[in-house]
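# Residue-level structure breakdown
The chain contents come next:
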Amino acid sequence: KAGVTQTPRYLIKTRGQQVTLSCSPISGHRSVSWYQQTPGQGLQFLFEYFSETQRNKGNFPGRFSGRQFSNSRSEMNVSTLELGDSALYLCASSHREAGELFFGEGSRLTVL
Amino acid sequence: GENVEQHPSTLSVQEGDSAVIKCTYSDSASNYFPWYKQELGKRPQLIIDIRSNVGEKKDQRIAVTLNKTAKHFSLHITETQPEDSAVYFCAALSEGKLTFGTGTRLTIIP
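For clarity, every value in this text was computed on a predicted model and none was experimentally measured.

What counts, and at which threshold
The numbering scheme is per chain: residues are counted from 1 as the chain's sequence reads. Chains carry letters from A onward and ligands carry numbers from 1 onward, assigned in written order. Since the coordinates come from a predicted model, pLDDT governs what is reported: local features require at least 70, and pairs of side-chain atoms require 80 or more to be given and counted, while whole-chain, interface and lining totals use all residues. Where side-chain values are given, they derive from all heavy atoms of the structure, hydrogens and water being excluded. Helical segments are the DSSP runs of H or I of at least four residues, strand segments are the runs of E of at least two, and each set is numbered from the N terminus. Our radius of gyration looks at C-alpha atoms and nothing else; its globule reference is 2.2 Å times the residue count to the power 0.38. Note on classification: 1.4 Å probe, protein chains only; a residue is buried when its accessible area is under 20% of the maximum for its type, exposed when over 50%, partly exposed between these limits. Throughout, a contact is declared for two residues whenever any of their heavy atoms are within 4.5 Å. Areas reported here follow the Shrake-Rupley algorithm with a probe of radius 1.4 Å; residue values treat only the protein chains shown as occluding. When charges are counted, neither His nor the chain ends are considered; positive counts come from Lys and Arg and negative counts from Asp and Glu. By convention, the point assigned to a charge is CZ for Arg, NZ for Lys, CD for Glu and CG for Asp. Should DSSP find at least two bridges between two strands, the strands are taken to pair. Orientation is described by lines fitted to C-alpha atoms, with helices fitted over the stretch in contact, and by angles between N-to-C directions that extend from 0 to 180 degrees. Defined in terms of a 1.4 Å probe, buried area is the accessible area two parts forfeit on being brought together, summed over both. The term salt bridge refers to a side-chain nitrogen of Lys or Arg lying within 4 Å of a carboxyl oxygen of Asp or Glu. As used in this structure description, the phrase polar contact means that two N or O atoms lie within 3.5 Å; if the pair is within protein, one of them must be able to donate a hydrogen and the other to accept it, and residues adjacent in sequence are counted only when both atoms belong to side chains. Each residue receives one of three labels: charged for Asp, Glu, Lys and Arg, nonpolar for Ala, Val, Leu, Ile, Met, Phe, Trp, Tyr, Cys and Pro, and polar for the others, Gly being one of them.

### Here we look at the overall build of chain A
- The helix and strand inventory of chain A stands at zero helices and eleven strands.
- Element order for chain A, N to C, with α for helix and β for strand: β-β-β-β-β-β-β-β-β-β-β.
- Taking 112 residues into account, the globule formula puts the C-alpha radius of gyration at 13 Å, and chain A, at 13 Å, falls close to it.
- A principal-axis box enclosing the C-alpha atoms of chain A has dimensions of 35 × 25 × 25 Å.
- A buried classification covers 50% of the 112 residues belonging to chain A.
- Here the contacts in chain A between residues at least 6 apart in sequence split such that 52% fall between residues at least 24 apart.
- When the accessible area of chain A is evaluated, it comes to approximately 5,400 Å², of which 47% is carbon and sulfur surface.
- Each charge class in chain A was averaged separately, 12 positive and 8 negative side chains, and the resulting centres sit 3 Å apart.

### Some points on the sheet that holds strand 1 (residues 5-7) of chain A
Residue and element names in this part refer to chain A.
- The strand order across the open sheet formed by four strands is 1-3-8-7, and the pairing between neighbours is antiparallel. The sheet is open, and its two edges are formed by strand 1 and strand 7 (64-68), each paired on a single side. This sheet shows a mean twist of 15 degrees between the axes of neighbouring strands, independent of strand direction.

### Overview of the interface of chain B and chain A
- Contacts between the two partners involve 16 residues from chain B, matched on the other side by 21 residues from chain A.
- In total, about 1,600 Å² of surface goes out of reach between chain B and chain A, with carbon and sulfur atoms giving 54% of it.
- Among the residues of chain B in contact with chain A, Arg-43, Lys-97 and Phe-100 of chain B are the three that bury the most area, contributing 34% of the side total.
- Across the contact surface, chain B and chain A share one salt bridge.
- Salt-bridge contacts for Glu-105 of chain A lead to Arg-43 of chain B; the nearest nitrogen and oxygen are separated by 3.8 Å.
- At the boundary of chain B and chain A, one finds five residue pairs in polar contact (both at pLDDT 80 or more).
- Elements represented by at least two residues in the side of chain B that touches chain A include exactly strand 4 (32-38), strand 5 (45-51), strand 9 (86-94) and strand 10 (97-100) of chain B.
- Residue composition of the side of chain B that touches chain A, by class: eight nonpolar, four polar and four charged.

### Considerations on unusual backbone geometry
- Between Thr-7 of chain A and Pro-8 of chain A the backbone carries a cis peptide bond, its omega angle lying at -10 degrees.
- Assignment of secondary structure puts Pro-8 of chain A in the loop between strand 1 and strand 2 (10-13).
- Here the residue pair His-7 of chain B and Pro-8 of chain B is connected by a cis peptide bond, since its omega of -5 degrees sits within 30 degrees of zero.
- Its location among the elements puts Pro-8 of chain B in the loop between strand 1 (4-7) and strand 2 (10-14).

### Notes on the sheet that holds strand 1 of chain B
Residue and element names in this part refer to chain B.
- Sheet architecture is open: five strands sit in the order 1-3-8-7-6, paired in antiparallel fashion. Edge positions in the open sheet fall to strand 1 and strand 6 (56-59), since each of these has one partner strand only. The mean inter-strand angle of the sheet, taken between neighbouring strand axes irrespective of direction, is 15 degrees.
- Looking at chain direction, strand 1 and strand 3 (residues 19-25) are connected through four bridges and run antiparallel. Bridging across to strand 3, Val-4 finds its partner in Tyr-25.

Structure, rendered in structure tokens:
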């Protein structure tokens, strides 16, 4: 069974630009969640999607958005990038709520 | 919302000794508490979890204890080995959101 796949793995953007990250969950997993990981801040919850609906949202500004498609693949978008958005963005899929999260390898975003 | 505090932020132990990492949470409605291990440059992976109706769970050298009254839970690793060196994250599930602690960097000294 293929694991969670995230693309791109690395990207560099400049302030003001926007970025779209993609996540393909494990086959059969309908829940996809996104996390921002920065040194010292741990893993901060961005949002979770289940069957194309945003089920939960973390405390991030509206510049951060996401969506999920009918095949459970998910994308997240960050508009008007700021230097502080530089981070590792991790996607995780799960078979059910309160179940094990399977993480992707992440997309490392650098904003210059 | 839920707030999870994790201590210590760094921990060094001699190989063969035990390591304990502690977390506290704020929302008494939280009902699921997983622990994830992240090795350098790799993705986080679940190592053990506990649900609110259980006080303790053990899996070989790893155990987790939960005190619902005090709202804290702990990870215990016995007979530590070099491969235990990693960053460990605790988390608590509340209202469908999983809130992570800030992580503990565990270093095993040979």
